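One-letter residues, chain by chain:
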Amino acid sequence: MLSSKATRSSPPPRAQGYRFSTSAAEKSTQQLVSMLFTILAALAQMENEIKRERITDSVKKRRDTGLNCGGYPCRITGSQIRNAIRLVHSGEPAAQVARDLGMSRATFCRRARAITD
């Protein structure tokens, strides 16, 4: 009968204590690859900054000309807010006026502040 050691193939012995040195060509290749990735990362960052600047300029230009910048359209017009401000100045509670307009008191105060400034 054969022993179990004879039928199994044992793994090759590990190389212990050996140092594998890389050649000068491999080192220069690694340095070139590292430099290439650095350059690509810098280009990607530059493109991202240019894109962000274009978007910021576009939004600023649209706001200055009064064009739509996206978001939800205002349901309550500026004239409705001005009328509500008159009601508040005449003695109505701001919370009640805001509730009648269908908005929160905080939203009403923010919109009123934007109109009066």
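Residues numbered from 1 in each chain as written. Predicted model: local features only at pLDDT ≥ 70, side-chain atom pairs only at ≥ 80, totals over all residues. Heavy atoms only, no water.

Colleague: Before we go on, may I ask you to explain the environment of isoleucine 115 in this structure?
Modeller: With respect to the secondary-structure elements, isoleucine 115 resides in helix α5 (residues 105–116). When the C-alpha positions of isoleucine 115 and arginine 82 are compared, they lie 7.7 Å apart, and in sequence the two are 33 residues distant. In this structure, isoleucine 115 is in contact with Gly78, Ile81 and Arg82, ignoring residues within four places of it in sequence. (Helix = DSSP H or I, 4+ residues; strand = E, 2+ residues; numbered from the N terminus. Contact = heavy atoms within 4.5 Å.)

Colleague: Could you clarify how one ought to interpret helix α4 (residues 94–101) in this entry?
Modeller: Those residues of α4 that fall on the buried side of the exposure criterion are Ala94, Val97 and Ala98. On an axial view of α4, the arc spanned by its buried residues comes to 100 degrees, and they lie on one face. Exposed side chains of α4 directed beyond 90 degrees from the buried face belong to Arg99 and Asp100. At the C-terminal side of α4, glycine 102 shows a positive phi close to 90 degrees. (Buried < 20%, exposed > 50% of the residue type's maximum accessible area, 1.4 Å probe, protein only. Arc of directions from axis to C-beta.)

Colleague: Would you explain a nonpolar patch on the surface in this entry?
Modeller: Nonpolar side chains collect at one region of the surface, where Leu32, Val33, Met35, Leu36, Phe37, Ile39, Leu40, Leu43, Met46 and Ile50 lie side by side and expose about 950 Å² of accessible area between them. Overall, methionine 35 belongs to the partly exposed group, its relative accessible area being 46%. (Patch = residues over 30% accessible without salt bridge, like charges linked within 9 Å, V, L, I, M, F, W, Y side chains within 5 Å. Areas by Shrake-Rupley, 256 points an atom, 1.4 Å probe, with all protein chains shown as cover. Salt bridge = Lys/Arg side-chain N within 4 Å of Asp/Glu carboxyl O.)

Keep in mind these values describe shape, not function.
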